Amino acid sequence: MSVEAEVEMAWRLVLGSSHLYKRGFESGVGVGESAAFEPKLIIFLGMGGSGIVGDIVSDMMYPIHRHPTYVCKDYTLPVPVDDKTLVIVLSYSGNTAETLTGAAEAYTSGGRLFAITSGGLLDDLAGRHGIPTVKVAKGMEPRFAVPEMVGALIGVLHGLGIAGKLERLFLTAVESLTEYLRGFEKTAEGEPQRISKTLLGRVAVAVGHTHLRSVSYRLKSQLNENAKHPSYVTQLPEAFHNEMESWRPSQHTSYIIFRSSYEPPAISAALNWIVGELESSGQSYSVIRTQSKTYVDEMLKLITLSDLISISLAAAKGVHPLKLSLIPSFRRLLSLDGRLQDLAVRRFGG
Ligand code: F6R
């Protein structure tokens, strides 16, 4: 497929986000309801495009959370697990070594597992060991299945009776996203194209904070994978305790600063300072903000805008947004040529 055809296809997939969020939610609710229990602790387990689903949903939950929640992107679990621990295993392909290894540890420790996947080994294991599973549509690049997986995860939490206000916040935000997406029907000149141009020839730095941490990480990862572009994240307030000492005016970077209508006052002051410094030193930067009714509404819109910026940059650079050349071979290396998947299957009991 040509770059132009891939850009068109990727753009259309993003414009279909609200449908995917809804579809995922509807499938997730039934799975959660069928196995309801009250956990003491929650772990979201997954890597890359599936792992970020955990980041996004824990950012959505953090102002209203009732349970300690961990996002784990590693082979080993961050805390001890027992039968009061809800472990949601997120892997689009169902074959990711780190995720399967963590899932095997959670299973042998007695954790209550749920899976969200399109198939692969995770689906097989879940079928054989009675793990409630949400099946998402097959045939996508995992990072483009994020809306469906986010919807599925919120649906499971709602079905389990532990999502609280998140269900309403999410469904209202999805409605409002449908309207927002209409503004991007035409792929000509708009905000995504304008911002992507500032990144050409420069390293992108996405500045995130509060509930927009996951959103800034999504932008960074989408720029990496879709636009094959060097991109990093600066998280506030932490960056003011280390990174700031190294900030010098540079023509080699372009900052993308996420502003929110829900910024804590000290974060607003820090962001105002950063914008002032970038402006007075003549550096390249863009500020991203959107009108929203709630912080969840804001997150969904900014995730969508981030996706579109990455696709616009791929178009401007003439690179294929859907094709990956290095990640697939690193997946093999990180699984020790499949030995770690075999081990995980054995730990599940065959
Ligand atoms: C590919 C992508 C990757 C994968 C990651 C984990 O589109 O975004 O970051 O998501 O390699 O694979 P899965 O999601 O299949 O567990």
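Scope of this entry: the structure provided in the associated data block. Computed from a prediction, not measured in an experiment: that's the story for all the values here.

Calculation notes
Residues numbered from 1 in each chain as written. Predicted model: local features only at pLDDT ≥ 70, side-chain atom pairs only at ≥ 80, totals over all residues. Heavy atoms only, no water. Helix = DSSP H or I, 4+ residues; strand = E, 2+ residues; numbered from the N terminus. Buried < 20%, exposed > 50% of the residue type's maximum accessible area, 1.4 Å probe, protein only. Contact = heavy atoms within 4.5 Å. Areas by Shrake-Rupley, 256 points an atom, 1.4 Å probe, with all protein chains shown as cover. Lys, Arg positive; Asp, Glu negative; His and termini not counted. Charge placed at Lys NZ, Arg CZ, Asp CG, Glu CD. Pairing = 2+ DSSP bridges. Right-handed = clockwise from strand over helix to strand, strands pointing away. Axes fitted to C-alpha atoms, helices over the stretch in contact; angles between N-to-C directions. Core = buried A, V, L, I, M, F, W, Y, C linked by side-chain atoms within 4.5 Å.

1. Let's talk about the overall build of the protein
Within the protein, the regular secondary structure consists of 13 helices and 9 strands. Dimensions of the protein along its principal axes, counting C-alpha atoms only, are 60 × 45 × 40 Å. Burial statistics for the protein: of 350 residues in total, 57% are counted as buried. Here the contacts in the protein between residues at least 6 apart in sequence split such that 82% fall between residues at least 24 apart. Carbon and sulfur atoms provide 56% of the accessible area of the protein, an area that totals close to 14,500 Å². Charge centroids of the protein, computed over 35 positive and 35 negative side chains, lie 2 Å from each other.

2. Section: the pairing of strand 7 (residues 231–235)
Bridge count for strand 6 (residues 203–208) against strand 7 is 5 bridges, and the pairing is parallel. Following the sheet pairing, Ala204 is matched in strand 7 by Ser231. The handedness of the strand 6 to strand 7 crossover, carried by helix 9 (residues 213–227), is right-handed.

3. Section: the sheet that holds strand 8 (residues 253–258)
Strand order in the open sheet formed by 4 strands is 7-6-8-9, and the pairing between neighbours is parallel. The open sheet has two edge strands with one neighbour each: strand 7 and strand 9 (284–288). Each adjacent strand pair in this sheet contributes to an overall mean axis angle of 20°, direction not counted. Helix 8 (residues 191–199) contacts strand 6, strand 8 and strand 9 of the sheet and is inclined by roughly 155° relative to strand 9.

4. Digging into the sheet that holds strand 3 (residues 85–91)
Taken in spatial order, the 5 strands of this open sheet run 2-1-3-4-5, and their pairing is parallel. Taken across any chain shown, the strands that pair with only one partner, and hence form the sheet edges, are strand 2 (69–72) and strand 5 (133–135). Here the strands of the sheet are splayed against their neighbours by 15° on average, with no regard to which way each runs. As defined by bridge partners, strand 3 adjoins strand 4 (residues 112–117) across 6 bridges and the pair is classed as parallel. Bridging from a neighbouring strand, Ile88 pairs with Phe114 of strand 4. Across the face of the sheet, helix 2 (residues 17–33) comes into contact with strand 4 and strand 5 while running at roughly 165° to strand 5.

5. Brief notes about the nonpolar core
Core analysis: the largest hydrophobic core is formed by 79 residues, its most contacted members being Ile88, Val150 and Leu157. Ranked by size, the runner-up nonpolar core spans 22 residues in total, among them Val81, Leu113, Leu125 and Phe348.

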